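Each chain is listed here by its residues.
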Amino acid sequence: MINTSYVFWMADSVLVCAAVHYCLAAGLKRRGLLSAVTCVFSTALGIVLARLAYCLIQINYVVYDGFWETVWSGEISYTSYYGGMAGAILGAWLGAVATGNRPMQALNAWAPAGALMAAQARFAEYFLDRLGAGRYLEAPAVKFFPLAIGNEYDEWYLAVFMLAGFAYLAIFIVSLVRFKKARFMRTLFYLCLVQVILESLRNQSLIWSEFVRAEQLLCMVAAEAVLVVVGVRLRRRGEPPVRAFLPAAAGLLCAGVFVAVEFVLGNKLFASSAAEDLDFYDEAGGGDTLKRLLAYGVMALGLALLGVLECRLMRRARDKDLFA
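Residues numbered from 1 in each chain as written. Predicted model: local features only at pLDDT ≥ 70, side-chain atom pairs only at ≥ 80, totals over all residues. Heavy atoms only, no water.

A few points about the pattern of salt bridges
Consideration 1: Tallied over the entire structure, the rule returns six salt bridges.
Consideration 2: The residue Glu-310 makes a salt bridge to Arg-186 at a minimum N-O spacing of 2.9 Å. With Glu-310 in helix α11 (residues 286-319) and Arg-186 in helix α8 (residues 183-201), this pair connects stretches of sequence that are 124 residues apart. You'll find Glu-310 and Arg-186 in the same group, each marked buried.
Consideration 3: In this structure, a network of salt bridges that share partners links the residues Arg-122, Glu-125, Glu-199 and Arg-202. (Salt bridge = Lys/Arg side-chain N within 4 Å of Asp/Glu carboxyl O. Helix = DSSP H or I, 4+ residues; strand = E, 2+ residues; numbered from the N terminus. Buried < 20%, exposed > 50% of the residue type's maximum accessible area, 1.4 Å probe, protein only.)

Examining the sheet that holds strand β2 (residues 148-150)
Consideration 1: Ordered by their spatial adjacency, three strands build an open sheet running β1-β3-β2, and the pairing between neighbours is antiparallel. Only two strands of the sheet have a single partner each, and these edge strands are β1 (136-137) and β2.
Consideration 2: Note that β2 and strand β3 (residues 156-158) share three bridges and pair antiparallel. From the neighbouring strand, Gly-150 faces β3, where its bridge partner is Trp-156. (Pairing = 2+ DSSP bridges.)

Describing the state of the cysteines
One covalent bond between the sulfur atoms of two cysteine residues makes up a disulfide.
Consideration 1: If you walk through the whole model with that rule in mind, you get zero disulfides.
Consideration 2: Left without a disulfide partner, Cys-192 is nearest to the cysteine sulfur of Cys-219, which lies 4.4 Å away. (Disulfide = S-S within 2.5 Å.)

Structural notes on the environment of Ile-59
Consideration 1: Structurally, Ile-59 is set in helix α3 (residues 59-65).
Consideration 2: For Ile-59, a relative accessible area of 41% corresponds to the partly exposed category.
Consideration 3: Between the alpha carbons of Ile-59 and Arg-236 there is a distance of 40 Å; along the sequence they are 177 residues apart.

Treat this as a map of the structure, not an account of what it does.
So this is what it looks like as structure tokens:
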């Protein structure tokens, strides 16, 4: 059954983000039409690709349940968040083409609005029970919203969707205020980067090939792609290969570290999505909690390193006027 509260929240968020996009599109051709067309295309393609990406990732379940039954189901969990994001980006690109704007210029203008929509979509998971929640929490001190979300049995779970929403809001502000060049690429990079650790915290993830958290993998691939693309452009401008591709090489190294971290966490290399299978209960005592803290600390350090390297890479790109 379709959750009407979720639908209304998302509909309101789409309109708010369209208004933000209109304000950001000053200087572009026919910005009113651009904002409207982008809103329609991004919404429609976001919905379609969210469902189709889910079908692709969970093909084994879809074959069992029936393709058309899954496609037309009103079950919100039958969606891929980052499939929806890909659809929204494609919609923004098509909106630029349809209104005679340069696609990358239009995407740069749209990027903060897209980040705001990403945050609103995460906040909307509040209405989806524990779809965006994390592990079961025992300590009374952490049983409060927005850090945790409870149910009718007074059971509390980590509110990962709220953490993601606040992280995306911060990226929206930084994108709006700080990213002057390559705004779209940089916004996409950081949206994907923070989700690597946030996806690890979730109980319910889309699992591909029995053990891979698909959206975590896709986020790491997208972030790595940004580093590679910028590195290639810098190399063409005469940047030494080591300097041009060091961030991308570090990204591959960190990806390996993240896989090791997931193994340490007991996820069987991104395996099951059930809290019990992930040993997310604290029956093992403080040692288990310490293990998780250390593992996530290593992951956070790796992500912070990639963030620093990305900033330095983009600084060199600006010095060479790569994104004029």
